[in-house]
Amino acid sequence: MVQSSAPAVAAVYRAPKKACDGADTATMDAKLTNRKIQREDVTTTKLSTMASCTLAYKNNIVIIQMEVYADPIANIMFDGFKKAEAKSSTLTDIPGLGTGAYSYVDELTGPHVAAWDGNLYITIVIGTLFGEPDPAAADLLPPVVAATMTKLRG
C-alpha cells in the first residue's frame, strides 16, 4: 500500500522567493566542487508555488524541486508519483524524513529522493555529467532534503 495520510498537525512551509535560496545544499557543497546555479525558476498558481533549482558541480547536475501548496495536500502528489514510480523502479522508504519519503535509482537519470510534509512536496535528483556515477552521490540527497525542509519551515 502506498497511501500516506496527513498528520494530525501539519507543518507549514513557505515558498522561497528565489528557488536556489530555498534549497539548503551545504552538506552537498562540502562534498562536491565548483557549484554553479544553472537555472532557477519560481512559478505561483492559486494551488501552489513550484520552485525549481538546477545546480551544476564539477561532475554532477542536481535538480531540486520544492512545491509548496496553499493547503496541506502535498501527500496527494507524493502518493500519486510514488505509485507511478513503483511500477518501474524499486523504491526504498526513508524513515524520519518528513511525513513520508522514498528513494530510487533511475538508470538514465540517477538517484532520486521524494518527500512530503505538511504543505511541502520536494524532489531531488543527482546525475553524473561524465564518467561513472559515484555510488555515494545518493547519500547526499536525504541530508539536503532534510535541511531544505528546515529552511522552508514557516
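These numbers were taken from a predicted model, which means no experiment stands behind them.

S.K.: Break down the pairing of strand β7 (residues 120–128) for me, citing the residues and quoting the values.
M.R.: Taking burial as the measure, the nine residues of β7 include eight buried ones, the bulk of the element. Two elements, strand β3 (residues 60–69) and β7, share nine bridges in a ladder whose sense is antiparallel. Looking at the pairing, I63 lines up with V125 of β7. Here strand β6 (residues 110–117) folds back onto β7, and the loop between the two strands holds two residues, one of which, G118, carries a positive phi near 55 degrees.

S.K.: Explain helix α4 (residues 141–152) residue by residue, including any values.
M.R.: The terminal C-alpha atoms of α4 lie 17 Å apart, and with twelve residues this matches the ideal 16 Å at 1.5 Å per residue to within 8%. Of the residues making up α4, those classed as buried are L141, V144, V145, T148, M149 and L152. An end-on view of α4 places all buried positions within 135 degrees of arc, on one side of the element. On its buried face, α4 sits against α1 (19–22), α2 (26–31), β3, β6 and β7.

S.K.: Report on the nonpolar core, specifying residues and quantitative values.
M.R.: Ranked by internal contacts, the top residues of the largest apolar core, which has 30 residues, are M28, I64 and I124. Listing elements by their share of this core, those giving two or more residues are α1, β2 (48–56), β3, β6, β7 and α4. Top element by residues in this core is α4. It accounts for five residues. Residue contacts for I64: discarding those within four places in its chain leaves A23, T25, A51, S52, C53, L55, I122, T123, I124 and V144. Grouped together as the second largest cluster of nonpolar side chains are eight residues, A74, Y102, Y104 and A114 included.

S.K.: Describe the pattern of salt bridges, and please don't skip the residues or the numbers.
M.R.: Evaluated as defined, the whole model comprises three salt bridges. Between E40 and K18 there is a salt bridge; the shortest N-O distance is 3.9 Å. With E40 in strand β1 (residues 36–44) and K18 in the segment before α1, this pair connects stretches of sequence that are 22 residues apart. Here K18 falls in the partly exposed class, since its relative accessible area comes to 46%. Here K82 ties to D93 by a salt bridge, and the two come within 2.8 Å at their closest N and O atoms. Within this pair, whereas K82 is found in helix α3 (residues 74–86), its partner D93 is found in strand β4 (residues 92–93), the two being separated by eleven residues in sequence. We classify K82 as buried; its relative accessible area is 11%.

S.K.: Hey, could you go over the packing of aromatic side chains for me, with residue numbers and the actual values?
M.R.: All told, the structure shown has three aromatic pairs when counted by the stated rule. Among the aromatic residues, those joined into a cluster by ring pairs are F78, Y102 and Y104.

S.K.: Go over the confidence of the model for the chain, please, and point to the residues and values.
M.R.: With 94% of its residues at a pLDDT of at least 70, the chain reaches an overall mean of 91. Confidence, expressed as mean pLDDT per element, reaches its minimum in the chain at α3 with 94 and its maximum at α4 with 98.

S.K.: Requested: an account of the side chain of D117, with residues and values cited.
M.R.: In this structure, D117 sits in strand β6. Buried within the structure, D117 lacks any salt-bridge partner; its nearest side chain of opposite charge belongs to R153, at an N-O separation of 4.1 Å. A polar side-chain atom of D117 sits 2.4 Å from a polar atom in the side chain of Y13.

Basis of the calculations
Residues numbered from 1 in each chain as written. Predicted model: local features only at pLDDT ≥ 70, side-chain atom pairs only at ≥ 80, totals over all residues. Heavy atoms only, no water. Buried < 20%, exposed > 50% of the residue type's maximum accessible area, 1.4 Å probe, protein only. Helix = DSSP H or I, 4+ residues; strand = E, 2+ residues; numbered from the N terminus. Pairing = 2+ DSSP bridges. Expected span 1.5 Å × (residues − 1). Arc of directions from axis to C-beta. Contact = heavy atoms within 4.5 Å. Core = buried A, V, L, I, M, F, W, Y, C linked by side-chain atoms within 4.5 Å. Salt bridge = Lys/Arg side-chain N within 4 Å of Asp/Glu carboxyl O. Phe/Tyr/Trp six-rings, centres within 6.5 Å; stacked < 30°, edge-to-face > 60°. pLDDT = per-residue confidence, 0-100. Lys, Arg positive; Asp, Glu negative; His and termini not counted. Polar contact = N/O pair within 3.5 Å; in protein donor to acceptor, adjacent residues only side chain to side chain.

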